[in-house]
Amino acid sequence: MAVWTTAHIPAELRHESVRQFVREWAEITEPDRIELVSAADDARLLEEALAAGELRQAGVGRFYARSHPHDTARSEARTVVATSDEADRGRYDNWQPAAEVRATLTERMRGASRGKTLYVVPYLMAPPGTPLAPYAAGVELTDDRTVVLQMVRMARVGIEYLEGLVDPDFFVRGVHVTGELDALGQGTEEDQRLFATIADERTILHFGSAYGGNALLGKIAHGLRQASYDGQASGRFLAEQFLLLGIRDLETGRTYHVCGGFPSASGKTNLAMTLPPDALGARYRVDFYGDDIAWLWVDEQGRLRGINPENGAFGVAKDTNDATNPTAMAAIAEGSGTIFTNTAYNEITGEVWWEGLTPEPPAEVEGWLDWRGDPIAGRGPERRDDPWAHPNSRFTIPLSRIPNLADDADDPDGVVIDAVIFGGRTRDREPLIRAIDDLAEGVYDGLTLGAEATFAAEGLDGQLRYDPMSMRPFFSYSEGRYAKHWLDVLGALNVAPAFAHVNWFQRDEGRYLWPGYRENLRALLWLLQYREGQVTGTRTAVGVVPQPHELDLTGLELPAGDLSRLLEVDGPRWAEEMGYRHEHLAGLPDIPAEIWAAHDRVAAALAAG
Ligand code: SPV
Ligand code: MN
């Protein structure tokens, strides 16, 4: 359609500012039609997607989508943050000038939705009524129906969520244009993809992918990058890549809430969905709030509060099974409306499979296609060992399907946060848990979070790939100002949460010293007892670690000697780490003096032995 007038814009869309935004981008992207959607359109859109071959049926009430083979993950190199102020340039945010980025993306998107439908997806990234709701409103324009179906699962979608906001003009403007996935040069010098958050204009322009992390604009671009920027600019909140869970002690009737950051692939979804160990199951319940994003603010009583802005989970399928995550397995069962992406798929039975679902792939290969759509039976010897599923294959589910979803998960006031944890992936040095009493040292600990580089070939054996606060791919302004904002928020509290660092990944050669998964709850229970003054732990240079008898190990047998190793602080390895940390912090712009002082205190305590 050559000329767009407001007559082509759905009449139900009454907000003038939204109509103008839709019209502006329809004129640029030139779709054939415009459709306003809400969660109520889910069943119809599923039917249309099945009829169009974009989705296949994966058993009753479940669906399967296969992506373009070059479009299976986020691209950190092609993701930028743009503003009009170069002071927003950080170490990791790939800052670029807003005007240039907007011009580039406008050109790439010009005419790029021809022949397609432009879906208008109004959404709220928060439980309705929350004090942060104004920052949560957005409208995503997308030319991909499967993206709409995933947004319906991940966010609260419908124009009704935008009604009643005090300033109807204040919403995040998101534009997602898929582009010709065959002709974008993904991964080459001529890569045409560009994923930009123009943070000071509250505009998100993503071109060249239909993968969730790039295309569900409410999730990472808004929920993390834009919200982190807004939280600092307003001084009102933090937006973090954090899980959020509740622990209910049925004996005392108390409920605790824990949030925390872990680098990707460190088990955040599994921990958020965990069940208590069997032996502790009569006393404790774990409630799910969120597995990927938390927004945190200080309430009128000076307590830290948190919500999960998402309405769904976009989980990694690999290694999800009845032992590692029974909660997820129940959530994705038949009838759940789950959308699987890039798993293996059986075109006869509609089954899905991924590495780790069962120890071995299905023995009978008839009907099975790998994630690229190639029949398993037809794969030659050179491809025999290739995975069936893509390692980043995913399931998309609404939170309502999670069996242990907290009763108050929707509470607009969120929950009071009792503890903030950071979890690295370290084969030595880091004990199972260490509590950190000083708040600046807690922030310092988050800033020096990382996962161990696993490839000796990188020459980084034993050194961390630092991932400050697990926000490395999601920073939207300078890391030093980010640290300052954290210190300011904590400084406004009357009641501070406990801070702790956890590590489930200590190893003896290849063997993990700690069984992980459901047993991880035991470390968190110790932290909550420590906070209540019921245990004292042992003070070390890097925090307070449990005394061996303080951990409740009922029903868990550890090989002799493992427990003391799990709780040990290895002085020489820590001394080495402090050198790397110094270098890491020195590479981040504007790090506040309080953070350097925390570093120096820890270093001095280690030196004093
Ligand atoms: C992550 O990569 O941290 C995710 C999934 O949560 S994605 O949406 O791809 O970013
Ligand atoms: Mn994530």
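Bear in mind that the values here come from a model prediction, so they are computed numbers and not experimental data.

Focus: the pairing of strand 14 (residues 254–261)
For strand 14, the buried fraction is high: six of the eight residues fall into the buried class. Across eight bridges, the pairing between strand 13 (residues 242–249) and strand 14 is antiparallel. Residue Leu-245 lies in a different strand from strand 14, and its bridge partner there is Val-258. A loop of four residues connects strand 13 with strand 14, the two strands running antiparallel in sequence, and Gly-253 in this loop sits at a positive phi of about 75°. Where strand 14 and strand 25 (residues 419–423) come together, four bridges link them in parallel fashion. Of the residues in strand 25, the one forming a bridge with Cys-259 is Val-420.

Some words on the site of ligand 1
If you check the shell around ligand 1, you find Arg-74, Gly-212, Gly-213, Lys-219, Ile-220, Ser-264, Asp-292 and Phe-314 and nothing else. Residue assignment for the shell around ligand 1 shows that the elements contributing at least two residues are helix 6 (212–215) and helix 7 (218–234). When the residues that make up the shell around ligand 1 are grouped by side-chain class, the tally is two nonpolar, three polar and three charged.

Points about the domain arrangement of the protein
Partitioning the protein into structural domains gives domain 1 (6–237), domain 2 (240–311 + 408–607) and domain 3 (314–399). Counting residues at the interface gives 36 residues for domain 1 and 27 residues for domain 2. Per-element accounting of the side of domain 1 that touches domain 2 gives the leading share, 10 residues, to helix 7. Of the residues contributing to the side of domain 1 that touches domain 2, the split by class is 18 nonpolar, eight polar and 10 charged.

Describing the UniProt feature "domain: Phosphoenolpyruvate carboxykinase GTP-utilising N-terminal" (unreviewed entry) in the protein
Sites flagged by UniProt as "domain: Phosphoenolpyruvate carboxykinase GTP-utilising N-terminal" (unreviewed entry) map to residues 20–231. Taken end to end, residues 20–231 is 30% helix and 23% strand, and its two terminal C-alpha atoms sit 26 Å from one another.

Quick notes on the rules
Residues numbered from 1 in each chain as written. Chains lettered and ligands numbered in written order. Predicted model: local features only at pLDDT ≥ 70, side-chain atom pairs only at ≥ 80, totals over all residues. Buried ≥ 20, exposed ≤ 12 C-beta atoms within 10 Å, placed from the backbone. Helix = DSSP H or I, 4+ residues; strand = E, 2+ residues; numbered from the N terminus. Pairing = 2+ DSSP bridges. Near = placed C-beta within 6 Å. Nonpolar A, V, L, I, M, F, W, Y, C, P; charged D, E, K, R; others polar. Domains from an automatic or database assignment. Contact = placed C-beta atoms within 7 Å. UniProt positions renumbered as here; feature names shortened; annotations may be inferred.

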